[in-house]
Amino acid sequence: MLKIESLNVFYGHVHALKDITMEISQGELVALLGANGAGKTTTLMTISAILKPKSGQITYEGLDLTHESSRQIVQRGIVQCPEGRRIFGGLTVSENLLMGAMRRSDRVNLAADLDRVLEIFPVLGKRRNQSGSTLSGGEQQMLAIGRALMATPRILMLDEPSLGLAPRVIDDIFKVIRTLHQQGVTILLVEQNVRLALEIADRCYVLETGRVVMQGTGAELKANPKIENIYLGGSA
């Protein structure tokens, strides 16, 4: 469904992504793992066309996306829920959710999709007339995911959805991610909680300093001694 081939991305003179190659099949949940600065967010930003690659190619169902705009990427159904939530604090919950549908050409199902998001996140229904800035961190993360869902994504890219949240809220967020996956949404997940990511991912890629150094199923990587030692608290 989505294929990245020999992708190279620079920040000025800094070589951030080095010949990245990876792919995502329809319906998969693929996790992108690695330490801070490994290139995970840069990968998502490049897929979203916020960053432009120096070389390489991104294709979506065989179509070359490498030179398309962010607007075109979203209209094709590739939607990013950014790190840090980035909701519109001065807008109400309902207004934030509707912002996610700005680029939709179909308006007929808008009300039904809004009801679906509020069903997934009942607390947002209770807060729908409150401004986004009044929500807790967990509620803001739910709002950010809900806003992305309003764009009716065919591929949903989640960047650090558990960042800064309490364990109970993280459990709630991951239950939603599992449900979306079971409903057939294709998901690319960047997540700092490696243990949780490995539990729910069909496949994973591990990045180190801008390179893919390891890949496999969640179960395969969970059993890998290197992953155990570096990311899961095993003995060095």
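Fair warning: this is a prediction, and the values are worked out from it, not measured in the lab. (Residues numbered from 1 in each chain as written. Predicted model: local features only at pLDDT ≥ 70, side-chain atom pairs only at ≥ 80, totals over all residues. Heavy atoms only, no water.)

Draft legend 1. The overall build of the chain, seen in detail. The secondary structure content of the chain amounts to 10 helices and 10 strands. Counting only C-alpha atoms and orienting by the principal axes, one finds that the chain spans roughly 50 × 40 × 35 Å. Relative to its full complement of 236 residues, the chain shows a buried share of 51%. Considering only contacts in the chain between residues 6 or more positions apart, those separated by 24 or more positions represent 64%. Carbon and sulfur atoms provide 50% of the accessible area of the chain, an area that totals close to 11000 Å². (Helix = DSSP H or I, 4+ residues; strand = E, 2+ residues; numbered from the N terminus. Buried < 20%, exposed > 50% of the residue type's maximum accessible area, 1.4 Å probe, protein only. Contact = heavy atoms within 4.5 Å. Areas by Shrake-Rupley, 256 points an atom, 1.4 Å probe, with all protein chains shown as cover.)

Draft legend 2. Main features of helix α6 (residues 137-149). In a regular helix each residue adds 1.5 Å, so 13 residues correspond to 18 Å; α6 covers 19 Å between its end C-alpha atoms and thus fits that length. The buried fraction of α6 amounts to 12 of the 13 residues, a majority that puts the element mostly inside the structure. For α6, the complete set of buried residues consists of Gly 138, Glu 139, Gln 140, Gln 141, Met 142, Leu 143, Ala 144, Ile 145, Gly 146, Arg 147, Ala 148 and Leu 149. Structurally, α6 contributes buried residues whose contacts are with β6 (78-81), α3 (93-99), α4 (110-120), α5 (122-126), β7 (155-159) and α7 (167-182). (Expected span 1.5 Å × (residues − 1).)

Draft legend 3. View of unusual backbone geometry. Positive phi values are uncommon outside glycine, yet Glu 61 reaches one of about 50°. Position of Glu 61 among the secondary structure elements: in the loop between β4 (55-60) and β5 (63-64). Positive phi is not limited to glycine here, since Thr 152 has a value of about 45°. Positionally, Thr 152 belongs in the loop between α6 and β7. A relative accessible area of 35% places Thr 152 in the partly exposed class.

Draft legend 4. Local environment of the sheet that holds strand β3 (residues 29-33). Spatial ordering of the open sheet is given by β6-β7-β8-β3-β9-β10, a layout of 6 strands whose pairing is mixed. In this open sheet, the two edge strands, each paired with only one partner strand, are β6 and β10 (211-217). Strand-to-strand twist across the sheet, computed as the mean angle between neighbouring axes with direction ignored, equals 15°. Relative to strand β8 (residues 186-190), β3 runs parallel, the two sharing 4 bridges. Counterpart to Ala 31 in the pairing with β8 is Leu 189. Packed on one face of the sheet, α6 meets β6 and β7 and runs near 170° to β6. Contacting β3, β7 and β8, α7 runs over the sheet at an angle of about 150° to β8. (Pairing = 2+ DSSP bridges. Axes fitted to C-alpha atoms, helices over the stretch in contact; angles between N-to-C directions.)

Draft legend 5. Highlighting the sheet that holds strand β1 (residues 2-11). Read from one edge to the other, the open sheet built from 4 strands follows the order β2-β1-β4-β5, with strand pairing classed as antiparallel. Unpaired on one side and paired on the other, β2 (14-24) and β5 mark the two borders of the sheet. With 7 bridges connecting them, β1 and β2 associate as antiparallel partners. Of the residues in β2, the one forming a bridge with Leu 7 is Ile 20. Contacting β1, β2 and β4, helix α1 (residues 40-47) crosses the sheet at an angle of about 110° to β1.

Draft legend 6. View of the environment of Met 157. Here Met 157 is to be found in strand β7. Counting along the chain gives 99 residues from Met 157 to Ile 58, while the straight-line C-alpha distance between them is 15 Å. Residues in contact with Met 157, not counting those within four places in the same chain, are Leu 44, Ile 47, Ser 48, Ile 78, Val 79, Gln 80, Cys 81 and Leu 188.

Draft legend 7. Highlighting the pattern of salt bridges. As enumerated under the stated definition, the model contains 8 salt bridges in all. Between Lys 226 and Glu 208 there is a salt bridge, with the nearest N and O atoms lying 3.4 Å from each other. Of this pair, Lys 226 sits in helix α10 (residues 225-231) while Glu 208 sits in strand β9 (residues 203-208), placing them 18 residues apart in sequence. The network of salt bridges with shared partners includes Arg 178, Glu 199 and Lys 222. (Salt bridge = Lys/Arg side-chain N within 4 Å of Asp/Glu carboxyl O.)

Draft legend 8. Region of the structure containing the environment of Ile 227. Along the chain, Ile 227 falls in helix α10. Between the alpha carbons of Ile 227 and Val 194 there is a distance of 9.0 Å; along the sequence they are 33 residues apart.

Draft legend 9. Spatial organisation of the pairing of β9. Along β9, 5 of the 6 residues are buried, which leaves the element largely enclosed by surrounding structure. The pairing of β3 with β9 spans 4 bridges and is classified as parallel. Bridging across to β9, Leu 32 finds its partner in Tyr 205. As defined by bridge partners, β9 adjoins β10 across 6 bridges and the pair is classed as antiparallel.

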